[in-house]
Amino acid sequence: MKIAQYGTIIVVIHAIAHGLHGLAHMEIPIPLFLLQSLFIGAVILLTPIIATVLLWMPFDRIGSWLLIDGFGCWIGVWALKTIQ
């Protein structure tokens, strides 16, 4: 139960931060390619939400792995973009 609560808090903070980041992209016109938009939608936004739902169900192990994997993928892509 604690894992589900902490995971939900992390995902809510994550969603707020990325919502604000998306607003900044709209104010400063930074274009995104189709694959970038799909990655953002699927991995960065949708995966943590699905993981949170799974944390509150009997599939909490799958949800926690999905949450860790989704954030790990996001950090990996961020690191690669930073190196370039």
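As a reminder, the structure under discussion sits directly above these lines.
The rules we used
Residues numbered from 1 in each chain as written. Predicted model: local features only at pLDDT ≥ 70, side-chain atom pairs only at ≥ 80, totals over all residues. Heavy atoms only, no water. Helix = DSSP H or I, 4+ residues; strand = E, 2+ residues; numbered from the N terminus. Buried < 20%, exposed > 50% of the residue type's maximum accessible area, 1.4 Å probe, protein only. Contact = heavy atoms within 4.5 Å. Patch = residues over 30% accessible without salt bridge, like charges linked within 9 Å, V, L, I, M, F, W, Y side chains within 5 Å. Areas by Shrake-Rupley, 256 points an atom, 1.4 Å probe, with all protein chains shown as cover. Salt bridge = Lys/Arg side-chain N within 4 Å of Asp/Glu carboxyl O. Expected span 1.5 Å × (residues − 1). Bend = angle between axes of the 7 residues up to and from the residue.

Draft legend 1. Structural context of the environment of Leu55. Within the fold, Leu55 resides in helix α2 (residues 34–55). The buried category is assigned to Leu55, whose relative accessible area is 6%. Distance in space between the C-alpha atoms of Leu55 and Lys2 is 10.0 Å, their sequence separation being 53 residues. Once you skip the residues sitting within four places of it in the chain, Leu55 turns out to touch Ile3, Ala4, Gly7, Asp60, Gly63, Ser64 and Leu67.

Draft legend 2. Molecular detail of a nonpolar patch on the surface. On the surface, Val12, Ile16, Leu20, Leu23 and Met26 cluster together into a nonpolar patch covering about 530 Å² of accessible area. Locating Met26 in the fold gives a position in helix α1 (residues 2–27).

Draft legend 3. Spatial organisation of α2. Between its first and last C-alpha atoms α2 spans 30 Å; for 22 residues at 1.5 Å apiece the expected length is 32 Å, and the two agree. The principal kink in α2, of about 45°, is found at Leu46, preceding the proline Pro48 by one to four residues. Buried within α2 we find Val43, Ile44, Thr47, Pro48, Ala51, Thr52, Leu54 and Leu55.

Draft legend 4. Main features of α1. Helix length check: α1 (26 residues) gives 38 Å between terminal C-alpha atoms against 38 Å at 1.5 Å per residue, within 8%. Of the residues making up α1, those classed as buried are Ala4, Gly7, Val11 and His14. Of the surrounding elements, those touching the buried residues of α1 are α2 and α3 (60–83).

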